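Spelled out from the first residue to the last, the chains are:
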Amino acid sequence: MKRLTRILIITAFGAFVSCGGGGTDPDPISEGWGFFSSGQLFEAHTSFVTAVESGKNEGYIGLGWVCIDLDSLPESDRYFGIVSGDSLSDGYAGWSAVLWARANYAGCITKSDFVLRHEPNYQFTHRPAVNFQDLQWYQASSYLHQGNYSQCLLKIQQLDNNFTTDTNAANAGDVLAAKLELLAGQLKKHIIQ
């Protein structure tokens, strides 16, 4: 019910903005990220819509992140997809988490690889707790879901180089899942819980 309420609010808010409720700030991108960083999601949404309407593609990335926080993953997926050709790490980082949450594990791995290849020590400027370790965790979890235990182990070892297990053992999936759960608790900063 809570998710449905959020989606209805987002939809109503989007209709309001498209009917002229948006602001006219000369720098809606900066304003939007300021609102986003302070947790003012509806204000951030308005600023990013204004940015998009003025031709600034970064507004779509902002909208994608706002929709993550508002639990509107299909909309977030759509916004990140619109600017995929711009190849911006912040967009691909958010998109990888959305794809993971939507069980598109191959997409998650690909988007995370893009960010980690271009910025091995990636950190999201507008939420510094989100960084390359989150992307590594999403990749490890995605490999686990795909049944690729050896790749899952390699990604886990990027987060904990002392961890090892036999990926051919009958209980390998359970061992890897338990380790990922433990790591999730230690990181305490995943983009999507």
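Here, every reference points to the structure presented above.
The structure presented is a predicted model; accordingly, all values stated were derived computationally and were not measured.

Draft legend 1. Main features of the overall build of the protein. A tally of regular secondary structure across the protein gives 10 helices and 0 strands. Helices and strands appear in the protein in the N-to-C order α-α-α-α-α-α-α-α-α-α. Within the protein, the fraction of its 193 residues that count as buried is 47%. Residue pairs in contact within the protein that sit at least 24 positions apart in sequence constitute 54% of those at least 6 positions apart. Split by element, the accessible area of the protein, about 9300 Å² in all, is 51% carbon and sulfur.

Draft legend 2. Examining helix 3 (residues 41-53) more closely. Here helix 3 is 13 residues long and its end C-alpha atoms lie 18 Å apart, about the 18 Å a rise of 1.5 Å per residue gives. When helix 3 is considered as a whole, its buried residues turn out to be L41, A44, H45, T46, S47, F48, V49, T50 and A51. Once helix 3 ends, the next one or two residues include G55, with phi positive near 90 degrees.

Draft legend 3. Local environment of the environment of V115. Mapped onto the elements of the fold, V115 is located in helix 7 (residues 105-118). For the pair V115 and Y92, spaced 23 residues apart in sequence, the C-alpha separation works out to 6.5 Å.

Draft legend 4. Here's a closer look at helix 5 (residues 73-82). Looking only at helix 5, the buried set comprises L73, S76, D77, Y79 and F80. One side of helix 5 carries all its buried residues, which in axial view fall inside an arc of 165 degrees.

Draft legend 5. Quick look at the packing of helix 9 (residues 149-159) against helix 10 (residues 172-187). Following both chains from N to C, one finds helix 9 and helix 10 inclined at 25 degrees, their axes separated by 11 Å at the closest point. Taken together, helix 9 and helix 10 sit at an angle that is classed as roughly parallel. The two elements helix 9 and helix 10 meet at a crossing, and its hand is left-handed. Of helix 10, the residues touching helix 9 (which contributes Y149, C152, L153, I156 and L159) are A172, G173, L176, K179, L180 and L183.

About the criteria used
- Residues numbered from 1 in each chain as written.
- Predicted model: local features only at pLDDT ≥ 70, side-chain atom pairs only at ≥ 80, totals over all residues.
- Heavy atoms only, no water.
- Helix = DSSP H or I, 4+ residues; strand = E, 2+ residues; numbered from the N terminus.
- Buried < 20%, exposed > 50% of the residue type's maximum accessible area, 1.4 Å probe, protein only.
- Contact = heavy atoms within 4.5 Å.
- Areas by Shrake-Rupley, 256 points an atom, 1.4 Å probe, with all protein chains shown as cover.
- Expected span 1.5 Å × (residues − 1).
- Arc of directions from axis to C-beta.
- Axes fitted to C-alpha atoms, helices over the stretch in contact; angles between N-to-C directions.
- Parallel < 35°, antiparallel > 145°, perpendicular 65-115°, else oblique.
- Left-handed = near helix turned anticlockwise from the far one by under 90°.

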